[in-house]
Amino acid sequence: MALEIPATTWTTSAALSLASGVAALALMASAAILGGRWPWCERWFGGLDRVYETHKWVGIYALAMASIHLLFKADLRGWETAAILPVASEWTRLARQASFLGLGLIILLALNRNISYAVWRWWHRLSGPFFLIVILHWLSIRSPIHLAGPAGLWLAGLSLLGVSAALWKLVLYPALARHAEYRVVDVLRGGSAVQMDLVPTGRRLDFSAGQFGFLQMKAPGLREPHPFTIAAAASPDGRLRFVIRSLGDFTGRLVATVEPGMLADVYAPYGRFLRKAGAGREIWIAGGVGISPFVAWMDDAGPSRFDTVTLFYFYSPERAFPSVDTLEGIARDRGVEFIPIATGPADPGFARRFAEIVDGCDPSTLDLAVCGPRGLVEAVAALAKANGVPPERLRHEQFAFR
């Protein structure tokens, strides 16, 4: 962009506004690309949860850049300016205001956890049309950035990729992405949670223990796709198992109403929270329904070395599902040391046993895997640091993202 304007104007507020506008458009295009659930993008970031976390922050930075762009006028006497796509001035002004309003609204909705997922999802789908308005704003304003120049080609390329990603996600993804139809064959309820088994009605999905899928029930009131960890390893009949806790409107309805015979579309596999091969010592730490990937790891008939694994399970006695006895039996059958803790990560017994394990192994060969709420991950990270565990030995999946 700097090449498009005189060097003597680089430090002006107009140049700041122009640069901020360019950055906002580029960040919005990047957010659209990240939101497309492309397999290559997931590989680069190490899991879809990381992609979505980055997607959220890219959107926030786009709003910040757009705010600076709106604050100052991106024009200066002496600049050679022209519109790439000339339109009436009132439409240009409307595109500018609508693009900023739309971006701000989408970001604010994404940050407000009190808004139901259904409402958030409906509004978030408007990000594609709003992105088109932002592109129209860029093309219709008088600007020193020409389409054939370096900055123009860069923005055009990013915009094209962003529009392609939005088109894929909003229009083509439901039909063309990796998915299959499944039928619910078994339902086990426990308190405010449910365990449901599904088998494919036709083709089956291939996945690895620890991955997750988007479950979309084919029933009124349950058609919103939600991500859930597959709580079992692959089996000959293609069976999938989900353990779902009632944490909101959708999951509450699902836990209360799911019955054998219901059909669902499952989009999978996603995620990179897999058991690490070659670890000398393993510590698995689960919080609540975060036990699911570790149950899948123990269910996997392929790997061995379970005698080098300690599984800490943090749970609330009134909400534990599967039951502690069930999990203890699974762990015992696989030779895993199982330590249930109902008092939280501040429990002195947890800190003591954790220190004993670290003292008895080479920290450079330790694999510390955590799946649970953010508070649990932070507590484990602090404990690991206090015991000299290198930060790179700890890995976790984003427990909740949207």
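Along every chain, residues carry numbers that run from 1 in the direction the sequence is written. Restriction of local features to residues with pLDDT of at least 70 applies here, the model being predicted, together with a cutoff of 80 or more for giving and counting side-chain atom pairs; totals for whole chains, interfaces and linings are based on all residues. Calculation of side-chain values draws on the structure's entire complement of heavy atoms; hydrogens and water are dropped beforehand.

**Observations regarding the sheet that holds strand 1 (residues 179-190)**
- Any two strands with at least two DSSP bridges between them are considered paired. Only DSSP runs of H or I reaching four residues or more are called helices, and only runs of E reaching two or more are called strands; each is numbered from the N terminus. Taken together, six strands build an open sheet; the order of strands is 4-3-6-1-2-5 and the sheet is antiparallel. Single-partner strands in this sheet number two, and they are strand 4 (226-229) and strand 5 (240-245). The sheet shows a mean angle of 40 degrees between the axes of neighbouring strands, taken without regard to direction. Lines fitted to the C-alpha atoms define the axes, with helices restricted to the stretch that makes contact. Angles between their N-to-C directions range from 0 to 180 degrees.

**Comments concerning the packing of helix 1 (residues 13-34) against helix 3 (residues 48-71)**
- At a closest axis distance of 8 Å, the pairing of helix 1 and helix 3 adopts a crossing angle of 155 degrees. When the axes of helix 1 and helix 3 are compared, the pair comes out roughly antiparallel. Note that helix 1 runs across helix 3; the crossing there is left-handed. Here Leu16, Ser17, Leu18, Ser20, Gly21, Ala23, Ala24, Leu27, Met28, Ser30, Ala31 and Leu34 of helix 1 lie close against helix 3, whose contacting residues are Val51, Tyr52, Thr54, His55, Val58, Tyr61, Ala62, Met65, Ala66, Ile68 and His69.
- Looking at side-chain class alone, the contact of helix 1 with helix 3 contains 16 nonpolar, seven polar and no charged residues. Here the word oblique covers every angle except those under 35 degrees (roughly parallel), over 145 (roughly antiparallel) and from 65 to 115 (roughly perpendicular). With the far helix as reference, a near helix turned anticlockwise by less than a right angle produces a left-handed crossing, and one turned clockwise produces a right-handed crossing. Residues are treated as being in contact if the distance between any of their heavy atoms lies within 4.5 Å. When residues are sorted by character, Ala, Val, Leu, Ile, Met, Phe, Trp, Tyr, Cys and Pro go into the nonpolar class, Asp, Glu, Lys and Arg into the charged class, and all the rest, Gly among them, into the polar class.

**Examining helix 10 (residues 324-334)**
- For helix 10, every residue scored as buried is listed here: Val324, Leu327, Gly329 and Ala331.
- Contacts made by the buried residues of helix 10 are with helix 9 (292-299), strand 8 (309-314) and strand 9 (337-341). Each residue is assigned to one of three classes by its accessible area relative to the maximum for its type, calculated with a 1.4 Å probe on protein chains only: buried under 20%, partly exposed between the two thresholds, exposed over 50%.

**Regarding the packing of aromatic side chains**
- Any two rings among Phe, Tyr and Trp, with Trp reduced to its six-membered ring, count as a pair given centres within 6.5 Å; such a pair is stacked if its planes are under 30 degrees apart, edge-to-face if over 60, and tilted if neither. Under the criterion given, the structure shown has 20 aromatic pairs.
- Judged by centre distance (5.2 Å) and plane angle (20 degrees), the rings of Tyr173 and Tyr267 are stacked. Note that Tyr173 is positioned in helix 7 (residues 150-176) and Tyr267 in strand 6 (residues 263-270), a separation of 94 residues in sequence.
- You can call Tyr267 buried: its relative accessible area is 5%.
- Cluster of aromatic residues (ring-pair linked, three or more members): Phe273, Trp284, Phe294, Trp297 and Phe306.

**Considerations on the sheet that holds strand 7 (residues 281-287)**
- On the basis of which strands lie adjacent, the open sheet formed by five strands has the order 9-8-7-10-11 and parallel pairing. One side of each edge strand has no neighbouring strand; the edge strands of this open sheet are strand 9 and strand 11 (394-396). Sheet twist, expressed as the mean angle between neighbouring strand axes with direction ignored, is 15 degrees.
- The pairing of strand 7 with strand 8 spans six bridges and is parallel. Note that in strand 8 the partner of Ala286 across the bridge is Tyr313.
- On the sheet, helix 10 packs against strand 8 and strand 9 and is oriented at approximately 165 degrees with respect to strand 9.
- Sheet strands touched by helix 11 (residues 348-359): strand 7, strand 8, strand 9 and strand 10 (366-371). Its angle to strand 8, the strand with the most contacts, is close to 160 degrees.

**A closer look at the nonpolar core**
- Counting residues in each nonpolar core, the largest one holds 28 residues, and the members touching the most others are Leu25, Leu103 and Trp138.
- Elements with a minimum of two residues in this core: helix 1, helix 3, helix 4 (89-111), helix 6 (127-140) and helix 7.
- Excluding anything up to four places from it in sequence, Leu103 contacts Met28, Gly59, Ala62, Leu63 and Ala66.
- Residues belong to one nonpolar core when they are buried, are Ala, Val, Leu, Ile, Met, Phe, Trp, Tyr or Cys, and are joined through side-chain atoms within 4.5 Å. If you look at the next biggest cluster of nonpolar residues, it comprises 25 residues, including Ile230, Phe242, Ile244 and Phe250.

**Observations regarding unusual backbone geometry**
- Of the consecutive residues Ala268 and Pro269, the connecting peptide bond is found in the cis state with omega at 0 degrees.
- Residues other than glycine seldom take positive phi values, yet Arg37 does so here, at roughly 55 degrees.
- Structurally, the position occupied by Arg37 is in the loop between helix 1 and helix 2 (39-45).

**Concerning the side chain of Gln211**
- Topologically, Gln211 is positioned in the loop between strand 2 (193-200) and strand 3 (212-217).
- Assessed through its relative accessible area of 8%, Gln211 is described here as buried.
- When near neighbours in sequence (up to four residues on either side) are disregarded, Gln211 contacts Thr229, Ile230, Pro269, Tyr270, Gly271, Arg272 and Leu274.

**Structural notes on the pairing of strand 5**
- For strand 5, the tally of buried residues reaches five of six residues, placing the bulk of the element in the interior.
- In this structure, strand 2 lies alongside strand 5, joined through six bridges in antiparallel fashion. The partner of Ala193 across the bridge, within strand 5, is Arg245.

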